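Inside the fold
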Amino acid sequence: MSANDSYPEALRRLVAYFQRLPGVGGRTASRLALALLDWPEELLQGFGQELAALRANVHWCHECGNLADGERCRICAAPDRDRSLICVVEVATQIPVFESSGCYRGLYHVLGGRLLPLEGVGPESLRIAELHDRLQGGEVAELILATSPDVEGEATAHFLAAEFAEAGVRITRIAAGVPVGADLSYADAATMARALGGRRSFD
Ligand SMILES: [Zn+2]
């Protein structure tokens, strides 16, 4: 018998939803669900509407794969970004970290993961063809490989360096200022600024 068994059905269903979120255990889920009970009706309705419309309202940028309001994300649509630089990241959640460092004014490209051969994630599962397409215009001068500094991230960076060796662009790798195994989505701004500033040609 779990602690939630005394709750009304509706509350137990809500707790079960919260428990699906990463890092949320039973106790936290209960606390969150109970906190919602204290919200004014208007706020609850607004929250519910945002949840219901989430997929309709949030898109993936056609250019870089970042989260977007419409077809293009705010970064790709901004007129003042340096379009000669593309920073290649594994997932879109890495982008806010680079942005918060304040030292990068180029564009991004979201791979949608990294190579995990043992789990069947090969190059065709990542947005590599899209990256080739973006280099066709000749506007891009440098690809900054910002995959994670762990084994799979390094292997993915090596693969990309070979894949784009003939693409006529400079290929660099962010500096190893990030602890091995660190999740780049949660690295701090100063670490990312150092990692970007210290990037070196890939060889
Ligand atoms: Zn974009």
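Structure: above.
All of the points below concern the structure found in this document. Everything numeric here is computed off the predicted structure, so don't read it as measured data.

1. Quick word on the overall build of the chain
- Helices and strands together make up the secondary structure of the chain, namely nine helices and seven strands.
- With 203 residues in all, the chain has 38% of them scored as buried.
- When the accessible surface of the chain is totalled, it reaches about 12000 Å², and 55% of it is carbon and sulfur.
- Separation between the mean location of the 19 positive side-chain charges and that of the 27 negative ones in the chain comes to 4 Å.

2. As for the pattern of salt bridges
- Taken as a whole and assessed by the stated rule, the structure comprises twelve salt bridges.
- As a salt-bridge pair, R114 and E90 come within 3.6 Å of each other at their nearest N and O atoms. A residue pair is termed long-range when its members are at least 10 positions apart, and R114 in the loop between strand 4 (106-110) and helix 7 (128-135) and E90 in the loop between strand 3 (82-89) and helix 6 (95-101) qualify at 24 residues.
- Judged by its relative accessible area of 7%, E90 is buried.
- Notably, a salt bridge pairs E154 with R173, separated by 3.2 Å at the nearest N-O pair. Taken together, the positions of E154 in helix 8 (residues 151-163) and R173 in strand 6 (residues 170-173) put the pair 19 residues apart, joining distant regions of the chain.

3. A closer look at the sheet that holds strand 7 (residues 200-201)
- Here five strands make up an open sheet; going across it, the order is 4-3-5-6-7 and the pairing mixed. Strands with a single pairing partner mark the edges of an open sheet, and in this sheet they are strand 4 and strand 7.
- By the bridge criterion, four bridges tie strand 5 (residues 142-145) to strand 6 in an arrangement that is parallel. From the neighbouring strand, L143 faces strand 6, where its bridge partner is I171.

4. Some details on helix 8
- Spanning 13 residues, helix 8 covers 18 Å between terminal C-alpha atoms, matching the ideal 18 Å at 1.5 Å per step.
- All of the buried residues in helix 8 are G153, T156, A157, L160 and A161. Buried residues of helix 8, seen end-on, are gathered within an arc of 135 degrees and therefore sit on one face of the element. More than 90 degrees from the buried face of helix 8, the exposed residues found are V151 and A162.
- Where the residues of helix 8 are buried, they touch strand 3, helix 7, strand 5 and strand 6.

5. Structural notes on the layout of surface pockets
- Counted as a void, the largest pocket has a volume near 440 Å³.
- Contributing to the lining of the largest pocket are 14 residues, with L14, F18, L36, F47 and L51 lying nearest its centre.
- Among the secondary structure elements, those contributing two or more residues to the lining of the largest pocket are helix 1 (9-19), helix 2 (26-37) and helix 3 (41-52).
- Among the elements that make up the lining of the largest pocket, the one with the highest residue count is helix 1 (five residues).

6. Quick look at the environment of I75
- Looking at the element boundaries, I75 is found in helix 5 (residues 74-77).
- Expressed as a C-alpha distance, the spacing of I75 and E99, which sit 24 residues apart in the sequence, is 9.7 Å.

7. Quick look at the pairing of strand 5
- Residues E142 and I144 point to one face of strand 5 and L143 and L145 to the other, with burial holding for every one of them.
- Here four bridges tie strand 3 to strand 5, and the two strands are oriented parallel to one another. Note that in strand 5 the partner of L85 across the bridge is E142.
- A crossover connection joins strand 5 to the parallel strand 6 through helix 8; in handedness this β-α-β unit is right-handed.

8. Remarks on the coordination of the zinc ion
- For the zinc ion, the full set of protein donor atoms is C61 (SG), C64 (SG), C73 (SG) and C76 (SG), and the range of their distances to it is 2.3 to 2.4 Å.
- Classification of C61 by relative accessible area gives buried; the value is 3%.
- We classify C73 as buried; its relative accessible area is 1%.

Cut-offs applied
Residues numbered from 1 in each chain as written. Predicted model: local features only at pLDDT ≥ 70, side-chain atom pairs only at ≥ 80, totals over all residues. Heavy atoms only, no water. Helix = DSSP H or I, 4+ residues; strand = E, 2+ residues; numbered from the N terminus. Buried < 20%, exposed > 50% of the residue type's maximum accessible area, 1.4 Å probe, protein only. Areas by Shrake-Rupley, 256 points an atom, 1.4 Å probe, with all protein chains shown as cover. Lys, Arg positive; Asp, Glu negative; His and termini not counted. Charge placed at Lys NZ, Arg CZ, Asp CG, Glu CD. Salt bridge = Lys/Arg side-chain N within 4 Å of Asp/Glu carboxyl O. Pairing = 2+ DSSP bridges. Expected span 1.5 Å × (residues − 1). Arc of directions from axis to C-beta. Contact = heavy atoms within 4.5 Å. 1 Å grid on protein atoms, 1.4 Å probe; cavity = no way out; pocket = protein on both sides within 12 Å on 5 of 7 lines; lining within 4 Å. Points joined across faces, edges and corners; volume = space filled by probe spheres on them. Right-handed = clockwise from strand over helix to strand, strands pointing away. Donors = N, O, S within 2.8 Å, 3.2 Å for Na, K, Ca; no water.

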